[in-house]
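What the coordinates show
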Amino acid sequence: QVQLVESGGGLVQTGGSLRLSCAASGRARYSMAWFRQAPGKERDFVATVNWNAGSTYYADSVKGRFTISRDNAKNTVYLQMNSLKPEDTAVYYCAASVGYGSISNLDYRYWGQGTQVTVSS
């Protein structure tokens, strides 16, 4: 079992920034991703990065504002979020796949507990 622990969420105003972190156990070469879920909504893809950080992919809604990165020496993946908007408000989840990353939550076996991001108008 792989454990993922997110941190860095909080309350910010429109236009502000946050950096989310996800610490993972183990040494496996996981593809990592961030998803988010607003109340009453589906869990939506945000960004993914492969195990050696050679490939990234972003949802259109966050391109140019969010950056996913990873530090394999620390077993940690990050999501730098800039120019935040109220529609970014959600619980953000870190996820890991033993295979190649995808935009579907169904392809990820391991999940963190989530961290709340709230952007005020």
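Right above here is the structure, for reference.
Here's what I pulled together on the structure shown here.

Within the protein one finds zero helices and 11 strands. Secondary structure of the protein in N-to-C order comes out as β-β-β-β-β-β-β-β-β-β-β. Against the globule reference of 14 Å for 121 residues, the protein gives a C-alpha radius of gyration of 13 Å, in line with a compact fold. Across its three principal directions, the C-alpha atoms of the protein cover 40 × 30 × 25 Å. The buried share of the protein, reckoned over its 121 residues, is 42%. For the protein, restricting intrachain contacts to residue pairs at least 6 apart in sequence, the fraction spanning at least 24 positions comes to 56%. Entry remark: accessible area of the protein is about 6600 Å², with carbon and sulfur atoms responsible for 46%. With 12 positive and 8 negative side-chain charges, the protein shows a separation of 7 Å between the mean positions of the two kinds.

One pass over the structure, following the stated rule, counts seven aromatic pairs. Centroid distance F35 to W111: 5.2 Å. Interplanar angle 55°. Geometry classified as tilted. Here F35 is found in strand β4 (residues 31-37), whereas its partner W111 is found in strand β10 (residues 110-111), with 76 residues between them in sequence. Residue F35 is classed as buried on the basis of its relative accessible area of 0%. Judged by relative accessible area, W111 falls into the partly exposed class, the value being 24%.

For strand β8 (residues 76-81), the buried fraction is high: five of the six residues fall into the buried class. Sheet topology places strand β3 (residues 18-24) next to β8; six bridges connect them, and they run antiparallel. Its bridge partner being in β8, A23 is matched across the sheet by T76. Sheet topology note: the strand β7 (residues 66-71)/β8 ladder contains six bridges and is antiparallel. Residue pairing for β8: S69 is matched across the bridge by Y78. Counted along the chain from β7 to the antiparallel partner β8, the turn is four residues long, and its residue N75 has a positive phi close to 50°.

A complete count under the given rule lists one disulfide for this structure. Residue pairing for C22: its cysteine sulfur links by disulfide to C94, the two sulfurs lying 2.2 Å apart. On the S-S bond that ties C22 to C94, the torsion sits near -80°, and the link is left-handed. Residue C22 is found in strand β3, and its partner C94 is found in strand β9 (residues 90-97); the two are separated by 72 residues along the sequence.

What counts and what doesn't
- Residues numbered from 1 in each chain as written.
- Predicted model: local features only at pLDDT ≥ 70, side-chain atom pairs only at ≥ 80, totals over all residues.
- Heavy atoms only, no water.
- Helix = DSSP H or I, 4+ residues; strand = E, 2+ residues; numbered from the N terminus.
- Rg over C-alpha atoms; globule rule 2.2 N^0.38 Å.
- Buried < 20%, exposed > 50% of the residue type's maximum accessible area, 1.4 Å probe, protein only.
- Contact = heavy atoms within 4.5 Å.
- Areas by Shrake-Rupley, 256 points an atom, 1.4 Å probe, with all protein chains shown as cover.
- Lys, Arg positive; Asp, Glu negative; His and termini not counted.
- Charge placed at Lys NZ, Arg CZ, Asp CG, Glu CD.
- Phe/Tyr/Trp six-rings, centres within 6.5 Å; stacked < 30°, edge-to-face > 60°.
- Pairing = 2+ DSSP bridges.
- Disulfide = S-S within 2.5 Å.

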